[in-house]
Structure formats: C-alpha cells, structure tokens
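Structural overview for review
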Amino acid sequence: IPLQTRTVASLSPMTATAERVRRAMLYVPGSEESKIKKSLTSPADCVIYDLEDSVAANRKGAAREMVFEALKLGTESKSELAVRINAVSSGLAFDDLNVVLQSKQLQAIVIPKVESAKDVNFVCQLIDSLAVESNRDNIQLVACVESALGVMNLREIATASPRVGALLFAAEDYCADLGLHRSRQKMEMLYARSALVTAAHAFGLQAIDLVCMDFRNPDVLAEECANGRDMGFTGKQAIHPNQVEVIQNTFMPSEEQVMRAQRIVEGYAASEKEGKGAYGLDGEAIDMPVYKWAQKILSRVNKARTSVDN
Ligand code: 1VU
C-alpha cells in the first residue's frame, strides 16, 4: 500500500510484539461505561483502560470488572489494548493484576509512578505467575516515570525486563514531586524529558510524551506535539478522542521527509559506489550521519506500513 495513498492517521498498530506502533495512547477511565463504549471504535494506536487516577477510590473494584469486560469486547479493535494499573506502592496493584491478567486480550500494562527496577520486577513476576498462559508472552510493559527518583533510575527501569517496550513521561506528578509550576514552554521539565528520551533510544524503547491537559485547545495540542516530536519522543498520551488524530499525524515522518530520505539513501548508495563518503543534494552536504537519519525515517515508515499489512 503506497503510504501516499492513505492518511498517516489511519495506520494500524497491530503488528509483531516488538514492533507495536504507539503514536497516540488514549486513556479511558475504567469506571465510565460511556467512554469505554466509545473507545471500542477509537483509531488510537493504543487504548489504555485506566484503573488509577481517573477512578475514584470507591470505584476501584467495579472498574477492574468493567475493564476486564471491555478487554473482551476489544477483540475486533485495531488498537493495542492496555491497562494502567495502580502504582505498585499503592498496595492496589496486586488486586488490579489479579483481575486483568485473566484476560486473553490484554496486550500491555502501563505501570504508573515507577521509581526503580523493583516496580517493574513486581509486575513481571505477577505476569509470569497469573497471566493466561496463551497470552503471557504477548504482554508488554510501559513504564511511567513521574518523579525525580524515577528520572535518576531511568537506566535500571529501561533495562529491568525485555517486556519493557516504552518509557512514558508523566508531567503532572513530576511537577508535583518537584514543586514545579507546569508552564506552556515546559522548561521546568526539559532535563527530565530529555533524559527519558535519551534513555529510551539508548535501550531501543519508545518514548511517550506528556498529556496535553488543555484538551479543547487545538493550538496548544499542535504546539505540544511538535515540541515532543522534535525532542525525540515517538508518541504522546491523549485524554480525549479529539486529540488522537493530531497526535498520530505529528508523530509520523511527513511525506516530504520520507521523499527526501528516499533520495538521500539512493544518492548515498550511488556516491559510495564511486568511492565517495559524502555528496551534495539540493545544495546540502550528505554524509554518514545524514544517511543514518534518512534510514531511521524510512525504517519508522516501514514499521508503520508493516503494521497496516498485518
Ligand atoms: O459523544 P458521547 O457522549 O458518546 O461521548 C463523549 C465522551 O464520553 C467521549 N469521551 C471519551 N471517550 C473515550 N475516552 C475518553 N478519554 C473520552 N473523553 C471523552 O467523547 C465524547 C465527547 O466528550 P466531551 O467533549 O463531552 O468530554 P467530557 O466533558 O465528557 O470529558 C472530558 C474529560 C477530560 C473528563 C474526558 O475526556 C476524560 O475523562 N478523559 C480521560 C481522563 C483520564 O483518563 N485521566 C487520567 C489519565 S491522564 C493522567 O493521569 C495525567 C494527568
């Protein structure tokens, strides 16, 4: 399917375990039936049924059951099906996992407030002992880093288990932890977001950016998406269905970039045949780092294409 003939937002994330596409990850409160229903037809790459902050304390038990049922209904969904459990430190995570790991459809667990490898290991051990056997190998982890300690321990979190597929930055709790005011410019989080992106790329993981809380303002969303993409994030969290398409389109190389990358790769191969490591294209020097950039762009698009074909 030629990429140019479809909008990038229509690409499906269903693909091999290690190659899941996660540009837009939409939270759906696990205790709200109408939103769960709406999520079943969402084009989001990943739907995250939330058992944590969007669920009131007195609805936790009901939410677990509702999410379990929602996962069953998601069989036909094109989205990756994930559940955000409560933090390991909350004492609620075992009860969450005890229910959702009985699902054959669950594809990812989002672990909030991860501060060290121990949090990841706790969840891995429960997957190994409680998950339905036929689904056990399919379950990936998204580790949410939302504190100063989590940022300090990024390496051990990223490498805690091969199940970890993505690191996710959560701005609200990070700002609360450090007593920061979240600004539109986001300078107060620059170090933490850069550190997370760097750790993710160093260990071959995806990097998921913060939530745009101003969910009725398309300008702020577009600005945030471009900022996150330019920093190296590969996707972004969403809290409202109307954020999904903008996020998906931003976290995909543009057609212009893809065409340039194709020309760079072709030109580089030709120049190498002539024994040259650098050549000029449209007045700009193309050398090995630019060639690697072009390869990365094409590889990202090919992964998305593969996911469409599957
Ligand atoms: O048209 P309908 O009535 O059928 O549907 C509404 C609404 O139910 C639905 N909708 C959603 N469906 C699925 N997932 C969602 N997240 C979601 N949000 C809304 O879309 C239709 C239009 O909705 P609306 O514009 O009237 O929006 P509401 O006022 O109903 O809801 C706004 C909020 C922000 C409350 C809602 O979008 C929401 O609950 N979002 C998720 C919040 C969440 O999960 N927070 C925790 C994760 S974020 C985090 O922890 C970092 C701070």
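Below is a short write-up of the structure. (Residues numbered from 1 in each chain as written. Predicted model: local features only at pLDDT ≥ 70, side-chain atom pairs only at ≥ 80, totals over all residues. Heavy atoms only, no water.)

So, on to the pairing of strand β6 (residues 164-169). Most of β6 sits out of view: six of its six residues are buried. Sheet analysis places strand β5 (residues 140-145) next to β6, joined by five bridges and oriented parallel. Within the sheet, the bridge partner assigned to L141 lies in β6 and is V164. Here three bridges tie β6 to strand β7 (residues 206-209), and the two strands are oriented parallel to one another. Bridged to A166 within β7 is Q206. (Buried < 20%, exposed > 50% of the residue type's maximum accessible area, 1.4 Å probe, protein only. Helix = DSSP H or I, 4+ residues; strand = E, 2+ residues; numbered from the N terminus. Pairing = 2+ DSSP bridges.)

Turning next to the packing of aromatic side chains. Aromatic ring pairs are reported here in terms of the distance separating the ring centres and the angle at which the planes meet. In total, this model carries two aromatic pairs according to the counting rule given. Taking the centre distance of 4.1 Å and the plane angle of 15 degrees together, the rings of Y268 and Y291 count as stacked. Here Y268, found in helix α11 (residues 255-273), pairs with Y291, found in helix α12 (residues 288-309); they are 23 residues apart in sequence, far enough to count as distant. Neither residue differs from the other here; Y268 and Y291 are each classed as buried. (Phe/Tyr/Trp six-rings, centres within 6.5 Å; stacked < 30°, edge-to-face > 60°.)

Our focus in this paragraph is the side chain of D50. With respect to the secondary-structure elements, D50 resides in strand β2 (residues 46-50). Excluding residues that lie within four positions of it along the chain, D50 makes contacts with V28, P29, G30, V55 and R84. (Contact = heavy atoms within 4.5 Å.)

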